[in-house]
Amino acid sequence: MNTAAATIEFLKANELVITTAESCTAGKIITLLSEVAGGGAFIDSGYVVYSPQAKQRLLNVRAYTIETFNLTSCEVAREMAQGALRDSEADVAVATTGILGPDDMDGIPAGTVCFAWAYRSPQGLCLFSRKERFIGSREQVQLYAAVHALERLPYFHERALAGERG
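Residues numbered from 1 in each chain as written. Predicted model: local features only at pLDDT ≥ 70, side-chain atom pairs only at ≥ 80, totals over all residues. Heavy atoms only, no water.

(A) Representation of the side chain of Thr25 within the structure. Within the secondary structure, Thr25 is located in the loop between strand S1 (18–22) and helix H2 (28–34). Not counting residues up to four positions away in its chain, the partners in contact with Thr25 are Thr96, Gln142, Ala145 and Ala146. (Helix = DSSP H or I, 4+ residues; strand = E, 2+ residues; numbered from the N terminus. Contact = heavy atoms within 4.5 Å.)

(B) View of the nonpolar core. Counting residues in hydrophobic clusters, the biggest one holds 33 residues, and the most contacted among them are Leu11, Ile18, Leu33, Trp117, Tyr119 and Leu153. For this core, the element with the highest residue contribution is helix H6 (residues 138–161), accounting for eight residues. Excluding residues within four positions of it along the chain, Leu11 makes contact with Leu16, Ile18, Phe42, Val92 and Leu153. (Core = buried A, V, L, I, M, F, W, Y, C linked by side-chain atoms within 4.5 Å. Buried < 20%, exposed > 50% of the residue type's maximum accessible area, 1.4 Å probe, protein only.)

(C) Structural view of the pairing of strand S2 (residues 43–48). Both S1 and S2 contribute to a ladder of five bridges, which runs parallel. Within S2, the position partnered with Ala21 by the bridge is Tyr47. Following the backbone out of S1, through H2 and into the adjacent parallel S2, one traces a crossover that is right-handed. (Pairing = 2+ DSSP bridges. Right-handed = clockwise from strand over helix to strand, strands pointing away.)

(D) Main features of the packing of helix H3 (residues 52–59) against helix H5 (residues 74–86). At a minimum axis distance of 9 Å, the contact between H3 and H5 shows a crossing angle of 40°. By the angle between their axes, H3 is oblique relative to H5. Residue-level contacts link Lys55, Leu58 and Leu59 of H3 to Val76, Glu79, Met80, Gly83, Ala84 and Arg86 of H5. Residue classes in the contact of H3 with H5 are distributed as five nonpolar, one polar and three charged. (Axes fitted to C-alpha atoms, helices over the stretch in contact; angles between N-to-C directions. Parallel < 35°, antiparallel > 145°, perpendicular 65-115°, else oblique. Nonpolar A, V, L, I, M, F, W, Y, C, P; charged D, E, K, R; others polar.)

(E) Spatial organisation of the packing of aromatic side chains. Applying the stated criterion across every chain, the model contains seven aromatic pairs. Ring plane angle 65° and centroid distance 6.3 Å describe the contact between Tyr119 and Phe128, whose orientation is recorded as edge-to-face. Tyr119 gets classed as buried once you look at its relative accessible area, which sits at 1%. By relative accessible area, which is 1% here, Phe128 ends up buried. A centroid spacing of 6.4 Å and a plane angle of 45° characterise the contact between Phe134 and Tyr144, whose relative ring orientation is tilted. Taken together, the residues Phe134 in the loop between strand S5 (124–133) and H6 and Tyr144 in helix H6 connect sequence positions ten residues apart. (Phe/Tyr/Trp six-rings, centres within 6.5 Å; stacked < 30°, edge-to-face > 60°.)

(F) Looking closely at the UniProt feature "domain: CinA C-terminal" (unreviewed entry) in the protein chain. Residues given the UniProt feature "domain: CinA C-terminal" (unreviewed entry) here are residues 4–153. As annotated, residues 4–153 comprises 41% helix and 25% strand, and the C-alpha atoms at either end are separated by 11 Å. (UniProt positions renumbered as here; feature names shortened; annotations may be inferred.)

(G) Expanded view of the packing of helix H1 (residues 3–13) against H6. Relative orientation of the contacting elements H1 and H6 amounts to 30°, with a least axis distance of 9 Å. Considering the angle they form, H1 stands roughly parallel to H6. When the axes of H1 and H6 are compared, the crossing they make is left-handed. Between H1 and H6, the contacting residues are Thr3, Ala4, Thr7, Phe10 and Leu11 on the first element and Val147, Leu150, Glu151, Leu153, Pro154 and His157 on the second. (Left-handed = near helix turned anticlockwise from the far one by under 90°.)

(H) Structural detail: H3. Restricting attention to buried positions, one finds in H3 the residues Ala54, Lys55 and Leu59. Seen along its axis, H3 keeps its buried residues to an arc of 100°; they face one direction. On its buried face, H3 sits against S1, S2, H5 and strand S3 (92–98). Among the residues trailing H3, Asn60 stands out with phi positive, at a value near 60°. (Arc of directions from axis to C-beta.)

(I) The sheet that holds S3, seen in detail. Read across the open sheet, the five strands follow the order S2-S1-S3-S4-S5; overall the sheet is mixed. The open sheet has two free edges, formed respectively by S2 and S5, since each of these has just one partner strand. Geometrically, the sheet is characterised by an average inter-axis angle of 10° between neighbouring strands, direction not taken into account. Bridge count for strand S4 (residues 112–121) against S5 is ten bridges, and the pairing is antiparallel. Bridged to Ser121 within S5 is Gly124. Across the face of the sheet, H6 comes into contact with S1, S3, S4 and S5 while running at roughly 35° to S4.

Rendered as structure tokens:
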């Protein structure tokens, strides 16, 4: 079973619905999930937001956060995930922001991607973030990042259920 199919099975088993806020993955996470038969029942929405202005306007990412931490930062990814959940019926949000390459940007190495996973829980919002670096072409890095976001979703869900806030 591939990662997207396993994720749909996980969402189904846990009665979860997902939304995404994707910058560098450009909708690939939602695309992978939607390619699984029946996957649409577990998808609420997917935002593709490249520009700082779109992140601010659509997801309420603060200009201060972008200016202080850079677009490729866990802080921005966290606000993207929170923003995706804001107007959604989803239980979980996944966000990505990063640099696909081939060149480094603002001193950040190509292939650097920041992720955030946000979960609604009875205890409130649980929010986790990580920074990873992938090596490969732009297309490879984009796919690696999308798959990584899905692979880590169950792990952080388990931590949220255990009461961790992130």
